[in-house]
Amino acid sequence: MAVNVLKDKCKGCTKCVKSCPFSAITMENKIAVIGSTCTGCGVCVKECPFDAIEKEEEEKAVVDLSAYKGVWVFAEQREGKIMSVSIELLGEGKKLAKEIGTELCAVLCGNNVAGLANELFAYGADKVYVADHSELEKYRTDSYTKVIFEAISTYKPEIVLLGATHIGRDLGPCLAVKCNTGLTADCTKLEIDPEDKKIKQTRPAFGGNLMATIVCPNNRPQMSTVRPGVMDKAVYEEGRTGELIKLDVEFKIGDIRTKVLEIVKKSGEMVSLTDAEIIVAGGMGLGKAEGFELLKSLADKLGGTIAASRACVDAGWIDHSYQVGQTGTTVKPKIYFACGISGAIQHLAGMQSSDYIVAINKNESAPIFEVADYGIVGDLYEVIPAIIEELKK
Ligand SMILES: Cc1cc2nc3c(=O)[nH]c(=O)nc-3n(C[C@H](O)[C@H](O)[C@H](O)COP(=O)(O)OP(=O)(O)OC[C@H]3O[C@@H](n4cnc5c(N)ncnc54)[C@H](O)[C@@H]3O)c2cc1C
């Protein structure tokens, strides 16, 4: 995409200089000159009263879609442990691969991590691409992007899935830009279009008020980051094997622009909502922060954990790590108790796939009852102690 000045038409009015958002235009001998910071945005083309600037549209390169095969899952590991979202993606990836009639592969980066390949095979990967190098010990944008981009360029996967973790949300867009392809972030549903076998990626948009389904028709790979806790985990098959492919890893000086000086682990309470089988969540109906103590006694009785709506987090009653919902954690426990939670769409986005939902709410018209399997209309300060009493028996 080049922007050119037609010297014979330029009158030196400087309108383009003032309009350029990137200060890329200067005047030389009363003629506009486009500099190297030009991004080809075309603002100057519209601004010029003398039609003296033109933009050459590059012909779009046509991608040979048939050259791309296989569903890839980025097997995110931290300190030698595969993150559970990657196991969920292997479960989902297997379904997608089966529908397209292709193979499921995992791509693993780290230092001395090749041993983890067996776990990935057991979770359904047919092939595992391993990049093992001391520079890959800790996640860094440059190193991981370089290695995985090279692997994508060589092996040409059709679909690449990453967990929407802090790492996946950083890595996904970098890879997509380098591959010149589309990425849908934070997906909650993936499915294959039966007609053209392209992937339909669904994600909440506009504050969760709309579910947008997005396709990537002309570029490859089709890339998505997927919310942790949404998809079912792959089933572990002891002894299942596959093909291990070692990736060549080479870094030159300047390839990696950042250094990890220290990793500080949050000293606050570790909450693992995604692994909890029973969650007792509280909302503004608790009326006060101390209300969580009552929920905690029910959760302890059931061997579960407490959680909260965002309104409670915003009120400063509980830490954000307990928040369930669109801007919190997505959970899928066996039982989800929603106590004094109205059931706003942004909250439902994070818990409606729970196996059983039990709602306790004073207001029988609260939207939470629309998704609840069991509903109790009443004051949670009466209902919960009664449940605890029953459990004691
Ligand atoms: C972009 C965006 C992202 C958001 N992300 C999230 C998110 O991730 N998670 C989230 O939760 N919210 C999120 N929200 C906020 C969301 O829209 C709601 O405001 C929030 O979920 C409401 O929390 P609540 O149900 O606790 O409170 P309320 O809506 O105030 O509901 C309180 C409920 O308690 C009931 N009640 C009152 N007293 C009692 C009692 N004694 N016993 C029983 N029931 C009682 C009431 O009938 C009422 O239904 C988001 C909003 C936006 C705009």
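Placed above this text is the structure.
None of the values given here were measured: they were computed from a predicted structure. Counting restarts for each chain, with residues numbered from 1 along the sequence as it is written. Residues qualify for local features only when their pLDDT is at least 70, as the model is predicted, and side-chain atom pairs are given and counted only at 80 or more; totals for whole chains, interfaces and linings, by contrast, use all residues. Side-chain metrics in this entry use all non-hydrogen atoms of the structure; hydrogen atoms and water are not considered.

### What about the packing of aromatic side chains?
Each pair of aromatic rings taken from Phe, Tyr and Trp, with Trp reduced to its six-membered ring, is defined by centres within 6.5 Å and is described as stacked if the planes are under 30 degrees apart, edge-to-face if over 60, and tilted in the remaining cases. For the coordinates displayed, the defined rule picks out six aromatic pairs. Ring centres of Y123 and Y236 lie 5.0 Å apart, and the angle between their planes is 75°; on these two criteria the pair is classed as edge-to-face. Remark: Y236 occurs in the loop between strand 15 (222-226) and strand 16 (243-246) and Y123 occurs in the loop between helix 4 (117-122) and strand 9 (127-132); sequence separation between them is 113 residues. Taken together through their ring pairs, the aromatic side chains of W72, Y129 and Y155 make up a single cluster. Only Lys NZ and Arg CZ are tested; either one counts as a charge over a ring when it is within 6 Å of the ring centre and within 35 degrees of the ring normal. Over the face of the ring belonging to F149 we find K178, whose NZ or CZ atom lies 5.2 Å from the ring centre. Cation over ring: K288 sits above Y381, and NZ or CZ is 4.8 Å from the ring centre. Helix numbers and strand numbers start at the N terminus; a helix is a DSSP run of H or I with at least 4 residues, a strand a run of E with at least 2.

### Points about the side chain of T181
Looking at the element boundaries, T181 is found in the loop between helix 6 (166-179) and strand 11 (183-187). Pairs of N or O atoms are called polar contacts if they sit within 3.5 Å, as long as, within protein, a hydrogen donor faces a hydrogen acceptor (for residues adjacent in sequence, only side-chain-to-side-chain pairs). Here R220 takes part through its backbone nitrogen, which lies 3.5 Å from a polar atom of the side chain of T181. Within polar-contact distance, the side chain of T181 engages the backbone oxygen of P221 at 2.6 Å. Every residue pair with non-hydrogen atoms within 4.5 Å of one another is taken to be in contact. Residues in contact with T181, not counting those within four places in the same chain, are A176, C216, N219, R220, P221 and M223.

### Focus on the site of the ligand
Being near a molecule or strand, for a residue, means having at least one of its heavy atoms within 4 Å of it. Among the 25 residues in the neighbourhood of the ligand, the closest are listed as S309, T327, S342, Q346 and N361. The side chain of T327 places a nitrogen or oxygen atom 2.6 Å from a nitrogen atom of the ligand. One nitrogen or oxygen atom from the side chain of S342 is found 2.6 Å from an oxygen atom belonging to the ligand. With the chains in place, 74% of the 990 Å² that the ligand exposes on its own is no longer accessible. Its residues assigned to classes, the shell around the ligand shows six nonpolar, 16 polar and three charged. Per-residue and other accessible areas follow the Shrake-Rupley method at a 1.4 Å probe size, with only the shown protein chains counted as cover for residues. The nonpolar class holds Ala, Val, Leu, Ile, Met, Phe, Trp, Tyr, Cys and Pro. Asp, Glu, Lys and Arg form the charged class, and all remaining residues, Gly among them, are polar.

### Overview of the sheet that holds strand 12 (residues 189-192)
The three strands are arranged 12-13-14 in an open sheet whose pairing can be described as antiparallel. Looking at strand neighbours, the two that pair on one side only are strand 12 and strand 14 (210-214), the edges of this open sheet. If you compare each strand with its neighbour and ignore which way they point, the axes differ by 25° on average. Strands qualify as paired when DSSP identifies two bridges or more between them. Two strands pair when backbone bridges link them, and strand 12 and strand 13 (residues 199-205) are joined in this way by four bridges, in the antiparallel orientation. Paired with E191 across the strands is K200, a residue of strand 13. The strands that helix 3 (residues 84-100) touches are strand 12 and strand 13; relative to strand 12, the one it contacts most, it runs at about 15°. Only C-alpha atoms enter the line fits that serve as axes; for helices the fit covers just the stretch in contact. Angles between N-to-C directions range over 0 to 180 degrees.

### As for unusual backbone geometry
With an omega dihedral of 0°, the bond running from R220 to P221 counts as a cis peptide bond. Checked against the element boundaries, P221 lands in the loop between strand 14 and strand 15. Located in the positive-phi region is T14, a residue other than glycine, with phi close to 70°. Mapped onto the elements, T14 comes out in the loop between strand 1 (2-5) and helix 1 (15-19). Here K30, not a glycine, exhibits a phi torsion of approximately 65°, which is positive. Among the structural elements, K30 can be located in the loop between strand 2 (25-28) and strand 3 (31-34). Given the relative accessible area of 68%, K30 is considered exposed. Accessibility here uses a 1.4 Å probe with only protein chains present; expressed as a share of the type maximum, an area under 20% marks a residue as buried, one over 50% as exposed, and anything in between as partly exposed.

Everything listed here is a matter of geometry and, on its own, says nothing about what the molecule does.
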